[in-house]
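# Working through the structure, step by step
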Amino acid sequence: MSQFNEEAAGQVRVEQAHVSAMYGRLDEQMADVRAELAEVLRSSADSAGEVYARDVTAERLSRQLRRLEGAEEGLVFGRIDGADGTVLHIGRVGLPADDLDLPLLVDWRAQAARPFYTATAVHPMGLRRRRHLRLVHRAVHAVNDELLDSSAPAPGDVVGDSALTEALEAQRTGRMRAAVATLQAEQDAIVRSPHQGVTVVQGGPGTGKTVVALHRAAYVLYAFARAAERGVLVLGPNARFLDYISQVLPSLGESDVLLATCADLTGMVPEIVEPSAEVARLKGDLTLAEALARLVRSRQAPWDQGFAVRVGQEGVRLSSGDITAVREAAATSGLAHNRAREVFKDRLISTVTSLLERRTVEAFASIDADIAENTRLDLDAAALTDLRALGFDVDDAPPRTRQRCSTRTPSVPTSKATPTWTTPWRSCGHG
């Protein structure tokens, strides 16, 4: 046996001791969760609240058990050795250690595990060595090291083919496998992006879009509490594809993910094959897309008789000109049809509201006119006079009203406790 093989075999034995301890801890956790779950399921519940609490606890424990069971295959796949001597093992889930400050196993999504994916010889991020472990069931089959500090191999270093090369040459199983052990820095940047909105992963065929997107989903569930509460839906084109990717997320520590096709969600199964080749060509032609766009435009608020709606007890009718203006505002917004619909609705509501406001102003003006005609009393002028008499500043009142009330001046109060004010109503035309 060569010195290299002896060194490699020795490191396999070293890592096997660590891996066996990790599997021992994993078995303990699974046994504890199973026992707790069995106890919860056996417990009685006398009220609706107790039944609900029991069901919630049972569901939480079931999820925890599925997460641990899903991580059993290939539990640990990496190790990083810091220049300061710190050693961390990286795996599919995190496992605490009883008597050590450092965890027995670090979850691959934790920040502490990031150097495993992003450290390079140019930017070692404080690492001396990155080690990949290849497991067969619970046995360490091989180890491979990358030296990141430009130093020569030392005793205990096993430098050989890269883990990515081994993964590419590995035997295929007919199902997609997690790439968590071989994610490249560019892929890891997508997976760990802090962005919490829509994330699009794009690339050419065979570039790993799907596997990166699935790792992204697992990271989002780990890092963003709100997403974990709401869950993740993986929508696939067909059942065969979903079966192909079905083991990726459970192997990454996430089993509470719904995989579905469009038919599963809608209950509608579209025709798979167009029977007519001529119709199939037409459906795929750009001309059809243009025709559909014209059809959509023809149905964008096509009313030519106006628009009527009831608001409370009052009916409101908009003219065809009002509708045309609202439609044009939405059509020229630069948005796609569905988003422009929201613009149309907002503008339509605004137009109806403005009409109601104008009606209200006109109604109050009509009331004031009727009162002035029947009582010779100008309510605005009277109100301003009284406000000025009380000491309020009414300079912001309309000029015409201020002029009509300019002769109103308060007299000096006879007492601070009970002030009296002179109100010469006749001077403002109130009789």
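Refer to the structure printed above.
Below you will find a few notes about this structure. (Residues numbered from 1 in each chain as written. Predicted model: local features only at pLDDT ≥ 70, side-chain atom pairs only at ≥ 80, totals over all residues. Heavy atoms only, no water.)

## With respect to the pattern of salt bridges
Scanning the entire structure with this criterion turns up 21 salt bridges. Between Arg25 and Glu28 there is a salt bridge whose closest N-O contact spans 3.2 Å. Here Arg25 and its partner Glu28 are both found in helix 1 (residues 3-42), three residues apart, which amounts to about one turn of the helix. Residue class for Glu28 comes out partly exposed when judged on its relative accessible area of 45%. (Salt bridge = Lys/Arg side-chain N within 4 Å of Asp/Glu carboxyl O. Helix = DSSP H or I, 4+ residues; strand = E, 2+ residues; numbered from the N terminus. Buried < 20%, exposed > 50% of the residue type's maximum accessible area, 1.4 Å probe, protein only.)

## Here we look at the sheet that holds strand 5 (residues 139-147)
The strands that make up a sheet are held in pairs by hydrogen bonds between backbone atoms, and each pair lies either parallel or antiparallel. The strand order 3-2-1-4-5 describes an open sheet built from five strands, whose pairing is mixed. Taken across any chain shown, the strands that pair with only one partner, and hence form the sheet edges, are strand 3 (106-107) and strand 5. The sheet contact formed by strand 1 (residues 76-82) and strand 4 (residues 127-136) spans five bridges and is antiparallel. Counted as the bridge partner of Gly82 is Leu127 from strand 4. (Pairing = 2+ DSSP bridges.)

## Digging into unusual backbone geometry
Unlike most non-glycine residues, Met125 shows phi in positive territory, near 55°. If you trace the backbone, Met125 turns up in the loop between helix 3 (114-118) and strand 4. The partly exposed category is assigned to Met125, whose relative accessible area is 45%. The phi dihedral of His137 is positive, around 55°, even though this residue is not glycine.

## Here we look at the pairing of strand 2 (residues 87-91)
Burial runs high along strand 2: four of the five residues are buried. When strand 1 meets strand 2, the two strands line up antiparallel, connected through five bridges. Along strand 2, the bridge assignment pairs Val76 with Gly91. Where strand 1 hands over to strand 2, the hairpin turn is made up of four residues, of which Gly85 adopts a positive phi near 95°. With two bridges joining them, strand 2 and strand 3 adopt parallel strand pairing. Looking at strand 3, one finds that Ile90 is bridged to Val106.

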